[in-house]
Amino acid sequence: MADLAGLKGFLPSSGPLIGYALTASANGACRATVAGIEITTRVVSGVTVGVGDTILIVRRGSTFWVIAIAGAAPTVPPVEPAPDDTPPDTGDSAPAPKPTVTTGSLTCHPVATSTWRSGHWRTDIGSSTSADTYQGRYGYSSYGRNSGFAFYGSKPRSLAGATVTKATVKLRRLTSGDYGRRSPTLRLVSESSRPSSYPSLHESTTGPSLGVRGHVSPSETTFTLPTSWGQAMVDGSRGGLGIVISADSPYIRLAGRSSWSAAWTLTLYWRRSG
């Protein structure tokens, strides 16, 4: 046959050939091309050929047989990309992380409690650095007017850079003057240790109303100072507290270090961001 004659010159005598179906199989045969040459080939039982199929062909004598449909290259399913967890770009910069806030309190005992009268620090009432603190003048005394002070050294400045949120001071009134409740006038002073001369006075506020201990209550309190006073001590522009008036009355005696261990104890509440 003409088909066979065209192939005999270059097709191998054994082994399968690759062909392409031109027609579907019918009555056990189909038309196909092998190496560009069109042939008629038989189809073995159980094989169904469709137009365009790639087929495996063997030659037995003068007859070609379709023995199988060549499988298509395996299809590799697409790999799904990993989910993108990146938040959408809104055009805005990411917010800055919240700063860490640390809070605490610092207790500062005075390094000296002293009373000034008539141009010098009093020593007749005890040690000039642990004495009780007086305000005003007793009755018609010929002595001068008293001013009492507490100095806090360098400890408040150990909080430099922190923000003071509250400041308190412990005060106790002792016997002197009348027994009724009276309020001292509190002052801030520059000095953090007792100077040789009269301290430098600054801000003023009315202190707590106290009676004399053992006679009128309350005689003792933890008084809340202006927050700015505590901040000034931390910042170093102020260093102590005082009780000072420009008149003789009210005459008040507040405990100093030698009379009460908690006298004039300053507590600074603070926070710091970092």
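Everything quoted here is computed from the prediction, not taken from an experiment.

Chemist: What is the right way to look at the overall build of the protein in this model?
Modeler: Within the protein one finds two helices and 17 strands. A total of 274 residues make up the protein; the buried ones form 40% of that total. Here the contacts in the protein between residues at least 6 apart in sequence split such that 69% fall between residues at least 24 apart. With the model as given, the accessible surface of the protein reaches about 14,700 Å², and the carbon-plus-sulfur share is 52%.

Chemist: How should the pattern of salt bridges be read in this particular structure?
Modeler: Side chains that carry opposite charge are capable of pairing whenever their charged atoms lie near each other. All told, the structure shown has 11 salt bridges when counted by the stated rule. In this structure, Arg-172 and Glu-220 form a salt bridge, with 2.8 Å as the shortest nitrogen-oxygen distance. Of the two residues, Arg-172 is situated in strand β11 (residues 163–174) and Glu-220 in strand β14 (residues 220–225); the sequence distance between them amounts to 48 residues. Given a relative accessible area of 13%, Arg-172 falls into the buried group.

Chemist: Any chance you could explain the pairing of strand β5 (residues 63–69) here in plain terms?
Modeler: Consecutive side chains of a regular strand alternate in pointing toward one face of the sheet and then the other. Sheet analysis places strand β3 (residues 37–43) next to β5, joined by two bridges and oriented parallel. When the bridges of β5 are listed, Val-43 appears paired with Val-66. Relative to β5, strand β4 (residues 54–60) runs antiparallel, the two being bridged by six bridges. Paired with Leu-56 across the bridge in β5 is Ala-68. Remark: two residues form the turn of the hairpin made by β4 and β5, two consecutive strands paired antiparallel; Gly-61 in that turn has positive phi of roughly 65°.

Chemist: Just to check I follow, could you spell out the environment of Val-234 for this structure?
Modeler: Within the element layout of this structure, Val-234 appears in helix α2 (residues 227–235). The spatial distance from the C-alpha of Val-234 to the C-alpha of Ala-160 is 5.6 Å, given a sequence separation of 74 residues. Residue contacts for Val-234: discarding those within four places in its chain leaves Pro-156, Arg-157, Leu-159, Ala-160, Ala-162, Val-164 and Leu-268.

Chemist: How should the side chain of Arg-253 be read in this particular structure?
Modeler: The topology assignment puts Arg-253 in strand β16 (residues 252–254). A distance of 3.0 Å separates the side chain of Arg-253 from the backbone oxygen of Thr-175, its partner in a polar contact. Apart from residues lying up to four places away in sequence, Arg-253 is in contact with Asp-132, Thr-133, Tyr-134, Arg-172, Arg-173, Leu-174, Thr-175, Ser-176 and Ser-259.

Chemist: What exactly am I supposed to notice about the pairing of strand β12 (residues 185–189) here?
Modeler: Along β12, four of the five residues are buried, which leaves the element largely enclosed by surrounding structure. One ladder, built from four bridges, connects β12 with strand β13 (residues 201–206); its direction is antiparallel. Bridged to Arg-187 within β13 is Ser-204. For β12 and strand β15 (residues 240–243), the ladder comprises four bridges, and the chain directions are antiparallel. Within β15, the position partnered with Leu-186 by the bridge is Ile-243.

Chemist: I'm lost on the nonpolar core in this one. Help?
Modeler: Proteins that are soluble and globular tend to have nonpolar side chains buried together. Membership of the largest hydrophobic core comes to 31 residues, with the highest contact counts inside it found for Tyr-152, Val-169, Leu-225, Leu-241 and Trp-264. Elements with a minimum of two residues in this core: β6 (101–108), β11, β12, β14, α2, β15, β16 and β17 (266–273). No other element matches the five residues that β11 contributes to this core. Setting aside residues no more than four positions away along its own chain, Leu-241 makes contact with Gly-148, Phe-149, Ala-150, Tyr-152, Val-169, Arg-187, Leu-188, Val-189, Leu-225, Trp-229, Met-233 and Trp-264. In terms of nonpolar packing, the next biggest core, distinct from the first, is built from 13 residues, Leu-17, Val-47, Val-49 and Phe-64 among them.

Chemist: Looking at this model, I keep getting lost on the sheet that holds β4. Mind explaining?
Modeler: Through backbone hydrogen bonds, the strands of a sheet pair up, either in parallel or in antiparallel fashion. The sheet built from five strands closes into a barrel, its strands ordered β1-β2-β3-β5-β4 with mixed pairing. Averaged over all pairs of adjacent strands, the angle between strand axes in this sheet comes to 55°, irrespective of strand direction.

Chemist: Just to check I follow, could you spell out the packing of aromatic side chains for this structure?
Modeler: Centre-to-centre distance and the angle between the planes together describe a pair of aromatic rings. In the structure shown here, the tally under the stated rule is eight aromatic pairs. For the pair Trp-116 and Trp-121, a centre-to-centre distance of 5.1 Å together with 85° between the ring planes defines the contact as edge-to-face. The two residues Trp-116 and Trp-121 agree in class, both being buried. Ring centres of Trp-121 and Phe-151 lie 6.3 Å apart, and the angle between their planes is 80°; this geometry places the pair in the edge-to-face category. In this pair, Trp-121 sits in strand β8 (residues 120–121) while Phe-151 sits in strand β10 (residues 146–151), placing the two residues 30 residues apart along the sequence. Grouping residues by exposure puts Trp-121 and Phe-151 together as buried. Counting every residue linked through ring pairs, the aromatic cluster contains Trp-116, Trp-121, Phe-149, Phe-151 and Tyr-198. Against the face of Tyr-269 rests Lys-166, its NZ or CZ located 5.7 Å from the ring centre. One residue, Arg-272, lies across the ring of Trp-270, its end atom 5.6 Å from the ring centre.

Definitions and cut-offs
Along each chain, numbering runs from 1 in the same order as the chain's sequence is written. Per-residue local features of the predicted model are confined to residues with pLDDT of at least 70, and side-chain atom pairs are confined, for both listing and counting, to 80 or more; whole-chain, interface and lining totals are unaffected and use all residues. In computing side-chain values, all of the structure's heavy atoms are included and hydrogens and water are not. Elements are defined by DSSP. Helices are runs of H or I of four residues or more, strands are runs of E of two residues or more, and each kind is numbered from the N terminus. To sort residues, take the accessible area from a 1.4 Å probe on protein chains only and compare it with the maximum for the residue type: under 20% means buried, over 50% means exposed, and anything in between is partly exposed. Contacts are assigned to residue pairs with any non-hydrogen atoms lying within 4.5 Å of each other. Surface accessibility follows the Shrake-Rupley procedure with a 1.4 Å probe radius. Residue values consider only the protein chains on display as shielding. Whenever Lys or Arg places a side-chain nitrogen within 4 Å of a carboxyl oxygen from Asp or Glu, that contact is recorded as a salt bridge. DSSP-based pairing: two strands are paired if at least 2 bridges between them are found. Identification of polar contacts relies on pairs of N or O atoms within 3.5 Å, with a donor-acceptor requirement for protein atoms, meaning one able to donate a hydrogen and the other able to accept it, and with residues adjacent in sequence counted only if both atoms are side-chain atoms. We call a set of buried Ala, Val, Leu, Ile, Met, Phe, Trp, Tyr and Cys residues a nonpolar core when their side-chain atoms join them within 4.5 Å. Only C-alpha atoms enter the line fits that serve as axes; for helices the fit covers just the stretch in contact. Angles between N-to-C directions range over 0 to 180 degrees. Between rings of Phe, Tyr and Trp, where Trp is taken as its six-membered ring, a pair exists when centres lie within 6.5 Å; planes separated by under 30 degrees are stacked, by over 60 edge-to-face, and by other angles tilted. When the NZ atom of lysine or the CZ atom of arginine is within 6 Å of a ring's centre and also within 35 degrees of its normal, the charge is said to sit over that ring.

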